[in-house]
Amino acid sequence: MRALVFSRYGGPEVLAVEEVADLRPPRGTELLVAVAASSVNGTDLGLRRGGGRVVTAGRLPFVPGFDVAGEVLACGPAVSAFSPGDRVVALLGHGGGGQAERVLVEQHRAALAPRSQPLEVAAALPLAGLTALQALRRHAGLATRPPGARVLVLGASGGIGAYAVQLARRHGAEVTALASAAKREYVAGLGAQRTLDRRTTALGDLARAGERFDVVLDAHGGTPWADQRALLAAGGTAVTTRGISPDALVGSLARRLPTPGAPGGRDRLVAVRTAARSYDLAALAAMVDADELRVPVEATYPLEQGAAAHRHVEVDGRGKTVLVV
């Protein structure tokens, strides 16, 4: 079968479409899926550049791709939730493999695809959508906060940020979004009531002006904990999409302390570990079908132009980019 692979680490030029070994029949609760499309995520870029070699070590040539949308070709004998012919979306595990003609995926990682969208659009839903949903709902507890909760989204124009803006608005939150000047109109179109230019807006200046938020979502990762904590209201939560860094570790200890200026209030810093929960993915698909959530696909490329797709994501980084298989 055809697959997009890299055999060495580097820039987008290391990507090529090659013939790779076909897959075995599905076992247990596995689904064999004919892939229609797979989106490009930051994880794909990082692995291609050589980050996360614990994932790719000994597995070159490596097939990237963690989001897939396609049609079930066959089911393992223990599959109970799907049948051949079903249109599905899925979030694959750390091994990737989605940017190929076929993929094996455990049924608990999949859900029926939105009926209202072509698979080329649905492919952009799993990783970024699940990350945003779980960050806001599970980690920040946004659904339990009263309407009008103030939410700040950093990196609002990327895939995760674009979903986060919409999901926060759906919960009745007041959303402030940071994005580059060229992307502020795009983010406002997603529902942000207030957009700020990330290049000219210092978080410290917002804090000194008395700005406070119930939720700060760092969708691009890497924002210092001290900057986030200074913006949290009493009982607020900061959520980062990256793993726990030394700075974040200090912040996680600090979450036990009262928020400055807010006696009795406690702030928290949480790192999202996106879980491939079928019911969360099904919830996102239902929102899409109810016209309550837009899948922010901004560019599509054929699989053979995988290198161009990676370059586009690196240069633009707006919404989601999808490879059509």
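Bear in mind that the values here come from a model prediction, so they are computed numbers and not experimental data.

About the thresholds
Residues numbered from 1 in each chain as written. Predicted model: local features only at pLDDT ≥ 70, side-chain atom pairs only at ≥ 80, totals over all residues. Heavy atoms only, no water. Helix = DSSP H or I, 4+ residues; strand = E, 2+ residues; numbered from the N terminus. Buried < 20%, exposed > 50% of the residue type's maximum accessible area, 1.4 Å probe, protein only. Contact = heavy atoms within 4.5 Å. Pairing = 2+ DSSP bridges. Axes fitted to C-alpha atoms, helices over the stretch in contact; angles between N-to-C directions. Phe/Tyr/Trp six-rings, centres within 6.5 Å; stacked < 30°, edge-to-face > 60°. pLDDT = per-residue confidence, 0-100. Salt bridge = Lys/Arg side-chain N within 4 Å of Asp/Glu carboxyl O. Core = buried A, V, L, I, M, F, W, Y, C linked by side-chain atoms within 4.5 Å. Arc of directions from axis to C-beta.

A. Just the overall build of the chain, in detail. Helix and strand counts for the chain stand at eleven helices and 15 strands. Structurally, the chain occupies a C-alpha span of about 60 × 40 × 35 Å along its principal axes. Residue burial in the chain is summarised as follows: out of 325 residues, 54% are buried. For the chain, restricting intrachain contacts to residue pairs at least 6 apart in sequence, the fraction spanning at least 24 positions comes to 68%.

B. Region of interest: the sheet that holds strand β9 (residues 174–179). Spatially, the six strands line up as an open sheet ordered β10-β9-β8-β11-β12-β13, and their pairing is parallel. Across the chains shown, the open sheet's two edge strands, defined by having one partner strand only, are β10 (194–197) and β13 (268–271). Taking the axes of each pair of neighbouring strands and ignoring which way they run, one obtains an average angle of 15° across the sheet. Note: strand β12 (residues 232–240) against β13, four bridges, orientation parallel. Its bridge partner being in β13, Ala 238 is matched across the sheet by Leu 269.

C. Geometry of the packing of aromatic side chains. Counting across every chain of the model gives two aromatic pairs. Ring centres 6.1 Å apart and planes at 50° place the aromatic pair Phe 6 and Tyr 9 in the tilted group. Judged by its relative accessible area of 0%, Phe 6 falls in the buried class. Centre to centre, the rings of Phe 6 and Phe 62 are 5.6 Å apart; their planes meet at 45°, and the pair counts as tilted. Residue Phe 6 is located in strand β1 (residues 2–6), and its partner Phe 62 is located in the loop between α2 (53–56) and β4 (67–75); the two are separated by 56 residues in the primary sequence.

D. How the structure looks around the confidence of the model for the chain. When pLDDT is averaged along the chain, the result is 91; 93% of the residues meet or exceed 70. Across residues 253–264, confidence stays below pLDDT 50; counting only partners more than four residues off in sequence or on other chains, it has 25 contacts.

E. Broad picture of unusual backbone geometry. Leu 60 connects to Pro 61 through a cis peptide bond whose omega is 0°. In this structure, Pro 61 sits in the loop between α2 and β4. In this structure, Asp 291 is a non-glycine residue whose phi angle is positive, near 60°. We classify Asp 291 as exposed; its relative accessible area is 71%.

F. Here's a closer look at the pattern of salt bridges. As enumerated under the stated definition, the model contains 16 salt bridges in all. Between Glu 292 and Arg 170 there is a salt bridge, and its shortest N-O distance comes to 2.9 Å. One end of the pair, Glu 292, is in the loop between α10 (278–289) and β14 (297–302); the other, Arg 170, is in helix α5 (residues 159–170), and 122 residues separate them in sequence. Counted as one network, the salt bridges with shared partners bring together Arg 150, Glu 174, Arg 194 and Glu 211.

G. Summary view of the nonpolar core. Grouped together as the largest cluster of nonpolar side chains are 68 residues, with contacts concentrated most on Leu 125 and Val 165. What Leu 125 contacts, discounting residues up to four positions off in sequence, is Pro 114, Leu 130, Tyr 163, Leu 281, Leu 284, Ala 285, Val 288, Leu 293 and Val 295. Formed by 14 residues, the second largest nonpolar core is a distinct cluster that contains Leu 152, Leu 196, Leu 206 and Leu 231.

H. Summary view of helix α1 (residues 42–49). Buried residues of α1: Asp 44, Leu 45, Leu 47 and Arg 48, and no others. Taken down its axis, α1 places every buried residue within 165° of arc, on the same side. Where α1 is buried, its residues meet β1, β2 (15–19), β3 (30–40), α2 and α11 (306–315). Phi turns positive, to about 115°, at Gly 50, one or two residues after α1.

I. Quick peek at the pairing of β3. Taking burial as the measure, the eleven residues of β3 include ten buried ones, the bulk of the element. Sheet topology note: the β3/strand β6 (residues 102–106) ladder contains five bridges and is antiparallel. If you follow Leu 31 over to β6, its bridge partner there is Val 105. Two elements, β3 and β4, share six bridges in a ladder whose sense is antiparallel. Bridge pairing in β4 places Ala 34 opposite Glu 71.

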